[in-house]
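Analysis of the macromolecular model
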Amino acid sequence: QVQLVESGGGLVQAGGSLRLSCEASGSIFSINSMYWYRQAPGKQRELVAAITSGASTIYADSVKVRFTISRDNAKNTVYLQMNSLKPENTAVYLCAAHVCRRGGDCRDYWGQGTQVTVST
């Protein structure tokens, strides 16, 4: 069993910052790519950022420069530093990871999400 647990969401004023964390735990052999997605009310889930095991990163165009994804492989944790937040960044932020379990099977796992609300 593998669990992903996000933390760090909350209410922030426009222009502020938040740092999200997502820790993977359980029967983990290795973690390949890790991802942050978000889903706003009435909208489709969208990829915000991704990071490979070798620390290569990609970002949605709308968050480039303002958001930074990073990971601590020793802690099985991925982070999302969000700066200069805008009201349109309000959403539930979910992390995902491609995990290989001890025993050999590999698949994507998802966290429950953390709410980020940016006020004007």
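Here is a short report on the structure shown in this document.

Conventions we followed
- Residues numbered from 1 in each chain as written.
- Predicted model: local features only at pLDDT ≥ 70, side-chain atom pairs only at ≥ 80, totals over all residues.
- Heavy atoms only, no water.
- Salt bridge = Lys/Arg side-chain N within 4 Å of Asp/Glu carboxyl O.
- Buried < 20%, exposed > 50% of the residue type's maximum accessible area, 1.4 Å probe, protein only.
- Phe/Tyr/Trp six-rings, centres within 6.5 Å; stacked < 30°, edge-to-face > 60°.
- Helix = DSSP H or I, 4+ residues; strand = E, 2+ residues; numbered from the N terminus.
- Lys NZ or Arg CZ within 6 Å of the ring centre and 35° of its normal.

On to the pattern of salt bridges. A side chain with one charge may pair with a side chain of the opposite charge, provided their charged atoms come close. One pass over the full model with this rule turns up three salt bridges. A salt bridge links Arg 38 to Glu 46; its shortest N-O distance comes to 2.6 Å. Owing to a relative accessible area of 6%, Arg 38 belongs among the buried residues under this scheme. Glu 46 gets classed as partly exposed once you look at its relative accessible area, which sits at 33%. Asp 105 serves as the salt-bridge partner of Arg 101, at 4.0 Å between the closest nitrogen and oxygen. Of the residues examined, Asp 105 reaches a relative accessible area of 36% and is grouped as partly exposed.

Below, the discussion takes up the packing of aromatic side chains. Taken as a whole, this structure holds two aromatic pairs when the rule is applied. On the basis of an interplanar angle of 45° and a centroid distance of 6.2 Å, the ring pair of Tyr 35 and Tyr 37 is categorised as tilted. Between Tyr 37 and Trp 110, the ring centres sit 4.9 Å apart and the planes meet at 50°, which makes this aromatic pair tilted. Of the two residues, Tyr 37 is situated in strand S4 (residues 28-39) and Trp 110 in strand S10 (residues 106-110); the sequence distance between them amounts to 73 residues. Among the aromatic residues, ring-to-ring pairing joins Tyr 35, Tyr 37 and Trp 110 into one connected group. The ring of Tyr 79 carries Arg 19 above its face, with NZ or CZ at 4.1 Å from the centroid. The ring of Trp 110 has Arg 45 sitting right over it, with the charged end atom 4.8 Å from the ring centre.

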